[in-house]
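Read off the chains here:
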Amino acid sequence: MKLTYYGHSCIGIQTGDAQLLFDPFISGNPLAKAIDMEKIPATHVLLSHGHGDHVADAQAILKRTGAMLVSNAEICSWYEAKGIKHATPMNIGGEADLGSFRVRLTVAQHSSTMPDGGSGGDPCGFVIRTGEGNIHHAGDTGLMLDMQLLKRYSLRFACLPIGDNYTMGYADAVEAARYMGVNTVVGMHYNTFPAITIDIEAAKTAFAAANINLLLPAIGETIEP
Ligand code: NI
Ligand code: MN
């Protein structure tokens, strides 16, 4: 399993013959200028909620790649009206078998309005179950006790927001990792904007003190967590 970080909460996961792409926000992210959007592979594009910093480049990538959109029913309907019909509309607590992996929508404590003000349904996170282990992309969320439910997936790693202000900060992300029983966290949703700029060394110290690996790949870097 390979993970490529495209900045903010945009993460690519390669597992088997599937290329998952979460929350594409590249063209509007000054930190991701070096990323060539035309070259990002995707067989599935997963959208956690409707905010622009998670969906801005979804339409372009879906059209170029013909990838399947995986999101809640409202977001899938919003894209269907724009000509994106290859989709798996879901909702919280549901799981779907997409062949090379299974996907389950989990609760996120956040909001979800589309860029045009339309309904983005309820925000979600994702549990992805693969032959190479189970992983979690939390989307945008605050800390919540529901995260304890993720323990049963024996997560290989979790992608968690750590930037504070709009989501939980790194101290709460440490607690979230404890709730999930996960030993490796990929940090996301930090340093993109002034409001979510964090002290990286303090974040590393907080995770180290809890004996949890914090991975902060550079934008464009591919790792094997
Ligand atoms: Ni958001
Ligand atoms: Mn966000």
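What you are looking at is a predicted structure, and each value in this text was computed from that prediction instead of being measured. (Residues numbered from 1 in each chain as written. Chains lettered and ligands numbered in written order. Predicted model: local features only at pLDDT ≥ 70, side-chain atom pairs only at ≥ 80, totals over all residues. Heavy atoms only, no water.)

### Quick look at the overall build of the protein
Then, in step 1: Across its full length, the protein holds five helices and 14 strands.
Then, in step 2: Taken along its principal axes, the extent of the C-alpha atoms in the protein is 50 × 35 × 30 Å.
Then, in step 3: Long-range pairs, those at least 24 residues apart, make up 59% of the contacts in the protein with a sequence separation of at least 6.
Then, in step 4: Counting every atom, the protein has about 9,100 Å² of accessible surface; 48% of that belongs to carbon and sulfur.
Then, in step 5: Counting 15 positive and 22 negative side-chain charges, the protein places the centres of these two groups 5 Å from one another. (Helix = DSSP H or I, 4+ residues; strand = E, 2+ residues; numbered from the N terminus. Contact = heavy atoms within 4.5 Å. Areas by Shrake-Rupley, 256 points an atom, 1.4 Å probe, with all protein chains shown as cover. Lys, Arg positive; Asp, Glu negative; His and termini not counted. Charge placed at Lys NZ, Arg CZ, Asp CG, Glu CD.)

### Concerning the pairing of strand 9 (residues 124-130)
Then, in step 1: Within strand 9, six of the seven residues are buried, leaving the element largely enclosed by the surrounding structure.
Then, in step 2: One ladder, built from five bridges, connects strand 9 with strand 10 (residues 133-137); its direction is antiparallel. Paired with Arg-129 across the bridge in strand 10 is Asn-134.
Then, in step 3: From the end of strand 9 to the start of strand 10, which pair antiparallel, there are two residues. (Buried < 20%, exposed > 50% of the residue type's maximum accessible area, 1.4 Å probe, protein only. Pairing = 2+ DSSP bridges.)

### Examining the coordination of the manganese ion (ligand 2)
Then, in step 1: Every protein donor of the manganese ion (ligand 2) is listed here as Asp-53 (OD), His-54 (NE2), Asp-140 (OD) and His-189 (NE2), and their distances to the metal cover 2.1 to 2.2 Å.
Then, in step 2: Taken in chain order, the donor set of the manganese ion (ligand 2) reads D-H-x85-D-x48-H.
Then, in step 3: Between the manganese ion (ligand 2) and the nickel ion (ligand 1) the interatomic distance amounts to 3.1 Å, and Asp-140 serves as a bridging ligand to the pair. With Asp-53 in helix 1 (residues 52-55) and His-189 in the loop between strand 12 (184-188) and helix 5 (200-209), this pair connects stretches of sequence that are 136 residues apart. There is no split in this pair, since Asp-53 and His-189 are both buried. (Donors = N, O, S within 2.8 Å, 3.2 Å for Na, K, Ca; no water.)

### Quick word on the nonpolar core
Then, in step 1: Core analysis: the biggest nonpolar cluster contains 52 residues, and Ile-11, Ile-13, Val-103, Ile-128, Leu-160 and Met-180 have the highest contact counts within it.
Then, in step 2: Among the elements that line this core, the one with the most residues is helix 4 (residues 170-180), at six residues.
Then, in step 3: With residues near it in sequence (within four places) discarded, Ile-128 still touches Leu-20, Phe-22, Leu-46, Phe-101, Arg-102, Val-103, Gly-133, Asn-134 and Ile-135.
Then, in step 4: Among the nonpolar cores identified, the runner-up in size contains 23 residues, and Leu-21, Ile-26, Ile-40 and Val-55 belong to it. (Core = buried A, V, L, I, M, F, W, Y, C linked by side-chain atoms within 4.5 Å.)

### Observations regarding the coordination of the nickel ion (ligand 1)
Then, in step 1: For the nickel ion (ligand 1), the full set of protein donor atoms is His-49 (NE2), His-51 (ND1), His-110 (NE2) and Asp-140 (OD), and the range of their distances to it is 2.2 to 2.3 Å.
Then, in step 2: The site at the nickel ion (ligand 1) holds four donor atoms, and with the angles between them running 87 to 179°, its shape is irregular.
Then, in step 3: All donors of the nickel ion (ligand 1) come from a single chain, and their spacing in sequence reads H-x1-H-x58-H-x29-D. (Tetrahedral: all angles 85-135°; square planar, octahedral: opposite > 155°, others 65-115°.)

### Here's the deal with the packing of aromatic side chains
Then, in step 1: Under the counting rule described, the total for this entry stands at three aromatic pairs.
Then, in step 2: Taking the centre distance of 6.3 Å and the plane angle of 50° together, the rings of Phe-25 and Phe-193 count as tilted. Taken as a pair, Phe-25 in the loop between strand 3 (18-22) and strand 4 (44-46) and Phe-193 in the loop between strand 12 and helix 5 lie far apart in primary sequence, 168 residues in all.
Then, in step 3: Judged by relative accessible area, which is 8%, Phe-25 ranks as buried.
Then, in step 4: Take Phe-193: its relative accessible area is 27%, and that puts it in the partly exposed class.
Then, in step 5: Ring centres of Trp-78 and Tyr-79 lie 5.0 Å apart, and the angle between their planes is 80°; this geometry places the pair in the edge-to-face category.
Then, in step 6: For Tyr-79, a relative accessible area of 1% translates into the label buried. (Phe/Tyr/Trp six-rings, centres within 6.5 Å; stacked < 30°, edge-to-face > 60°.)

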